[in-house]
Amino acid sequence: DGLYYIARFDPNLASQQNQLQDTAIFPNPNNGTFTISNFEKESHIEIYDVLGKKVHEQIINNNQIVNLVTVSKGIYFAKIKSGDKDFKTEKIIVE
């Protein structure tokens, strides 16, 4: 008659989320070339303009240089994904 719930704790999930929270993009602002660092495993980055149009994507590793010299100056958003559910969004300014 009562409802029972089973909770499962995944310690790896917590470490992956913390990993992405420490991700750094520098320099920012930049000229279209920047470095992404402070994460341990291969990740995927997607760059969007302010209208939501995807302008770049690539697989990245720690301390990877990303080159956006073909985009116009402006504000962009980098969505960094690690695994199926973990992601972080950062604002990038290209001058």
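Structure: above.
Overview of the overall build of the protein chain
What the protein chain contains, in helices and strands, is 1 helix and 7 strands. When burial is assessed residue by residue, the protein chain has 32% of its 95 residues classed as buried. Long-range contacts, defined here as pairs at least 24 residues apart, represent 49% of the contacts in the protein chain between residues at least 6 apart. Per element, the accessible surface of the protein chain, about 6600 Å² overall, is 50% carbon and sulfur.

Brief notes about the side chain of T35
One can find T35 in strand 2 (residues 33–37). Overall, the relative accessible area of 15% leaves T35 in the buried class. Those residues in contact with T35, other than ones at most four positions away along the chain, are A24, I25, F26, N63, Q64 and I65.

Remarks on the nonpolar core
If you look at the biggest cluster of nonpolar residues, it comprises 15 residues, and the most contacted ones within it are I25, F34, I36, I45, I47, I60 and I92. At 3 residues, the largest contribution of residues to this core is made by strand 6 (residues 74–82).

A closer look at unusual backbone geometry
For the bond running from F26 to P27, omega is -10°, close enough to zero to count as cis. Locating P27 in the fold gives a position in the loop between strand 1 (24–26) and strand 2. With a phi close to 60°, N63 is a non-glycine residue in the positive phi region. Tracing the backbone through its elements, the reader meets N63 in the loop between strand 4 (54–60) and strand 5 (64–67).

Focus: the environment of K88
Structurally, K88 is set in strand 7 (residues 86–94). Judged by its relative accessible area of 11%, K88 is buried. Considering only alpha carbons, one finds K88 and D22, 66 residues apart in sequence, at a separation of 9.7 Å. Reaching out from K88, the side chain makes a polar contact with the backbone oxygen of T23 at a distance of 3.2 Å.

Digging into the sheet that holds strand 3 (residues 43–49)
Strand order across the open sheet formed by 4 strands is 4-3-6-7, with antiparallel pairing between neighbours. Sheet topology places strand 4 and strand 7 at the edges, where each strand pairs with a single neighbour. Taking each pair of neighbouring strands and ignoring which way they run, the sheet shows an average axis angle of 20°. With 6 bridges joining them, strand 3 and strand 4 adopt antiparallel strand pairing. Residue pairing across strands places I47 opposite H56, the latter belonging to strand 4.

Side note on the pairing of strand 2
Of all 5 residues in strand 2, 4 are buried, a share of seventy percent or more. Sheet analysis places strand 1 next to strand 2, joined by 3 bridges and oriented antiparallel. Across the sheet, residue I25 finds its bridge partner in strand 2, namely I36. Remark: 6 residues form the turn of the hairpin made by strand 1 and strand 2, two consecutive strands paired antiparallel; G32 in that turn has positive phi of roughly 110°. Of the pairings in the sheet, the one linking strand 2 to strand 5 comprises 4 bridges and is antiparallel in character. Within strand 5, the position partnered with F34 by the bridge is V66.

Cut-off values and rules
Residues numbered from 1 in each chain as written. Predicted model: local features only at pLDDT ≥ 70, side-chain atom pairs only at ≥ 80, totals over all residues. Heavy atoms only, no water. Helix = DSSP H or I, 4+ residues; strand = E, 2+ residues; numbered from the N terminus. Buried < 20%, exposed > 50% of the residue type's maximum accessible area, 1.4 Å probe, protein only. Contact = heavy atoms within 4.5 Å. Areas by Shrake-Rupley, 256 points an atom, 1.4 Å probe, with all protein chains shown as cover. Core = buried A, V, L, I, M, F, W, Y, C linked by side-chain atoms within 4.5 Å. Polar contact = N/O pair within 3.5 Å; in protein donor to acceptor, adjacent residues only side chain to side chain. Pairing = 2+ DSSP bridges. Axes fitted to C-alpha atoms, helices over the stretch in contact; angles between N-to-C directions.

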